[in-house]
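Residue strings, one per chain:
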Amino acid sequence: MGEEHLQPSGDAPGWPGIEARWTSSAKDGVGTALGGHSRVWYAVSHGILNEVYYPRIDNACTRDLEFIVTDGDQFFSEEKRDTDSTIEVPVAGVPMFRITNRCRQGRYVLVKEVFSDPGRDCLVQVLHFEQWSPELKLHVLLSPHIGNQGMGNTAWTGEHKGTPLLFASRGNIAMALATGAAWRGRSAGFVGSSDGWQDLNRSKRLTWSHQRAADGNVALVGEIAVTGEPVPVVLGFGRSPAEAGHLACMTLTEPLNDLRQRFAEPWKQWHAGLGDSCRSALDRISATVLRVHEDKVFQGGTIASLSIPWGASKGDGDLGGYHLVWPRDLAETAGGFLAIGAGDEARRILHYLQATQEADGHWPQNQWLDGTPYWPGIQMDEVALPVLLVDLARRHGALSGEQLAGLLPMVGKAADYIITRGPVSMQDRWEEDSGCSPFTLSAEIAALVVAADLCGGGLAERALETADRWFGKIDDWTYAKGTRLATEHGVDGYYVRISPPEVAESGSPLGGFVPIKNRPPADACGETVEIVSPDALALVRFGLRAAGDPRIVGTVKVIDALLKRDFPGGPSWYRYNGDGYGEHEDGSPFDGTGRGRQWPLLTGERAHYELAAGRVGEAKRLAATVRGFANGSGLIPEQVWDGEPIPDRGLLPGKPAGSAMPLVWAHAEYLKLLRSLKDGSIFDLPPQVAARYLKQ
């Protein structure tokens, strides 16, 4: 609103701008409004708004939106670099954030409320000025990355019905930035040459007023008049600039208290419907994280994370990030929902899985929300886990007889695929190697037993015959005896991480080699018997081995010797020895090679094993360890840093690394662990499998 005092100066120079990059994957908050009227999702970190997604949760449209403060003379302060930031959640379980940014030079304190308009495709920030001097100038800087692309965007200054706005578009998506205060200047530019950051950094005031920057890596800037009163800043989206501008202006007309209340109330009601299943703050945060990551048009479609791993080093070549659907993560998420009694959400995921199953019975390695495959791999555990999910939902009363009957064709097709294509998987659950892994074998065998129970008939006979045959070959395919590691650690044998595909025919893993991905060429291969993984605990989790089985006990001893790392708050584990998916030793981002770090979700899986072994106290201690791995906002990362402290990169031992945060799968595993501890038994263990095999 209001008039600007700078005269427009035409097109910006410097096309097309520098190479586009995303931003930090270490989020402090993620959110959306409940209901289908607002198709906007958002993430915040380092005191600012990061990616905003529209109209689907797999479609990022911004890199970030931040504020810069200058004094027109010598002072330049950028929120994400020059303030100490804190974040609060005013209402427990409601993803509405209050961010306080305190200038390190003591010149200002800026407080921002962040939420979305529950009735429109608009993101709202309300600015409060706890400390402010008259000479200071406030500027908003917006970096559009529409349609998961930093390049090819067009930005311009314009109006909607006489109201000055900042616009950007790419393809059939447009955005409009509006403010409830007067603009003192506006400009569009190309990043790295004519964008507002460059102008403000050099001049300490806005001197450029470029009207347009077309088809490049662009940014928008505007100076906002500060009177001391709260200022709403609204980012609206639409299929055209007019639609985006209209929605942004409409949201500005709404009383702020009404917007806050309409945003918060559905979330409070949803949490109330969960009863006492989420008692602590992290319980509620975890439930909220799961719910936030679901799409609103492709209902049930839930992405892995509202983040791009090591995003600040990633550009347009990394379209997907983690805002894709992995069937494995989806099944784990649905299990988390079932653990807290959220049956509606779990059913939506099941129906989404049903709609995205391929004709031959498998699911893609990962996919966009509409089911279009992204990566081409096939992972047999991703075929098996949806079958186990159907049975888990049935056992916990989330499916009526009619609903179960409607899902049985999906179960049958998946079981047929496993029978005809298993046991060897093109990729293991870590998306790297082909062969036979204890985790995938466990999931396949369990799924076949469950499918036989659910479907009956001729399928049951074939499924059980195959399951029994593979069950009898588990040790031939994945158990190593008399090796160097066995001698060194004083055990008879242990389960390996994965054996090569040919083991299903030859019968012994002892002589094979397996690739080690994400490592330099000299380290890109290892002996099968030299590589172990916590994946072997799936044999217990899925009911194929008892926790006290000497083979499992020996495997745990080797796993702990090679993969366990103790932190002050408790231990965690590597995915396998030699893992390369993580930062380099100097903390620089993963770039195709690196070194894997500890995964908090593996601590949750270990806690389930300890519970199965009857060590309830240890399981509870590990649950507390998982809580300790969360950041200050309660978000659980994919990995935690295990090296020496590198403060300049934000890397501290036992604290989030730079891969992805939050990881929905990790929050789901935590919620399932809480339910398992409450029940005194593993929540998602299929009883049919245990009844068939643990008696042997």
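Residues numbered from 1 in each chain as written. Predicted model: local features only at pLDDT ≥ 70, side-chain atom pairs only at ≥ 80, totals over all residues. Heavy atoms only, no water.

Draft legend 1. The arrangement of the overall build of the protein chain in detail. For the protein chain, the helix and strand inventory stands at 19 helices and 23 strands. Relative to a compact globule of 696 residues, whose C-alpha radius of gyration would be 26 Å, the protein chain shows 26 Å and is just as compact. Dimensions of the protein chain, computed from C-alpha atoms along their principal axes, come out at roughly 80 × 55 × 45 Å. For the protein chain, buried positions account for 63% of its 696 residues. (Helix = DSSP H or I, 4+ residues; strand = E, 2+ residues; numbered from the N terminus. Rg over C-alpha atoms; globule rule 2.2 N^0.38 Å. Buried < 20%, exposed > 50% of the residue type's maximum accessible area, 1.4 Å probe, protein only.)

Draft legend 2. Main features of the environment of V191. Considering the arrangement of structural elements, one finds V191 in the loop between strand 14 (183-190) and helix 2 (196-203). Between the alpha carbons of V191 and W15 there is a distance of 8.8 Å; along the sequence they are 176 residues apart. With residues near it in sequence (within four places) discarded, V191 still touches G17, I18, N217, V218 and A219. (Contact = heavy atoms within 4.5 Å.)

Draft legend 3. Structural context of the packing of aromatic side chains. Per the counting criterion, the structure on display carries 22 aromatic pairs. For the pair Y54 and F237, a centre-to-centre distance of 5.1 Å together with 20 degrees between the ring planes defines the contact as stacked. With a gap of 183 residues between them, Y54 in the loop between strand 3 (48-53) and strand 4 (62-70) and F237 in strand 17 (residues 231-238) connect regions that are remote in the sequence. Pair check on accessibility: Y54 and F237 agree, each one buried. Taken together through their ring pairs, the aromatic side chains of Y322, W326, W368, Y374 and W375 make up a single cluster. In this structure, R107 is placed above the aromatic ring of F75, and the distance from its NZ or CZ to the ring centre is 4.4 Å. Geometry around Y576 places R497 over its ring, the cationic atom sitting 3.9 Å from the centre. (Phe/Tyr/Trp six-rings, centres within 6.5 Å; stacked < 30°, edge-to-face > 60°. Lys NZ or Arg CZ within 6 Å of the ring centre and 35° of its normal.)

Draft legend 4. Region of the structure containing the packing of helix 8 (residues 380-395) against helix 10 (residues 438-455). Their axes nearest at 8 Å, the elements helix 8 and helix 10 cross at an angle of 45 degrees. As far as their axial angle goes, helix 10 and helix 8 are oblique. As helix 8 packs across helix 10, the resulting crossing turns out to be left-handed. Residue-level contacts link M380, D381, A384, L385, V387, L388, V390, D391 and R394 of helix 8 to F439, T440, A443, E444, A446, A447, V450, A451, D453 and L454 of helix 10. When the residues that make up the contact of helix 8 with helix 10 are grouped by side-chain class, the tally is 13 nonpolar, 1 polar and 5 charged. (Axes fitted to C-alpha atoms, helices over the stretch in contact; angles between N-to-C directions. Parallel < 35°, antiparallel > 145°, perpendicular 65-115°, else oblique. Left-handed = near helix turned anticlockwise from the far one by under 90°. Nonpolar A, V, L, I, M, F, W, Y, C, P; charged D, E, K, R; others polar.)

Draft legend 5. Local environment of the nonpolar core. Ranked by internal contacts, the top residues of the largest apolar core, which has 208 residues, are Y42, F67, L177, I224, L235, V390 and Y494. The biggest single contributor to this core is helix 10, with 12 residues. Among all residues touching I224, those that are not within four sequence positions of it are F67, L138, V140, T179, A181, A182, W183, V231 and V233. Counting 8 residues, the second largest nonpolar core, distinct from the first, contains F76, L141, V191 and A219. (Core = buried A, V, L, I, M, F, W, Y, C linked by side-chain atoms within 4.5 Å.)

Draft legend 6. Examining the sheet that holds strand 17 more closely. Ordered in space as 6-7-8-9-17-13-12-11-15, the 9 strands form an open sheet in which the pairing is antiparallel. The sheet is open, and its two borders are formed by strand 6 (83-88) and strand 15 (212-216), each paired with just one other strand. If you compare each strand with its neighbour and ignore which way they point, the axes differ by 20 degrees on average. Relative to strand 8 (residues 109-116), strand 7 (residues 97-103) runs antiparallel, the two being bridged by 6 bridges. Bridging from a neighbouring strand, T100 pairs with V111 of strand 8. (Pairing = 2+ DSSP bridges.)

Draft legend 7. Layout of the environment of I340. The topology assignment puts I340 in the loop between helix 6 (327-339) and helix 7 (343-356). The class of I340 is buried, set by a relative accessible area of 4%. In this structure the C-alpha to C-alpha distance between I340 and R675, which are 335 residues apart in sequence, comes to 7.4 Å. Those residues in contact with I340 that lie beyond four places of it in its chain are L274, S277, C278, A287 and L671.

Draft legend 8. Highlighting helix 6. When the terminal C-alpha atoms of helix 6 are compared, their 18 Å separation across 13 residues agrees well with the 18 Å that a helix rising 1.5 Å per residue should span. Extensive coverage of helix 6 is indicated by the burial of 13 of its 13 residues. Positive phi shows up at G341, right after helix 6, with a value of about 80 degrees. (Expected span 1.5 Å × (residues − 1).)

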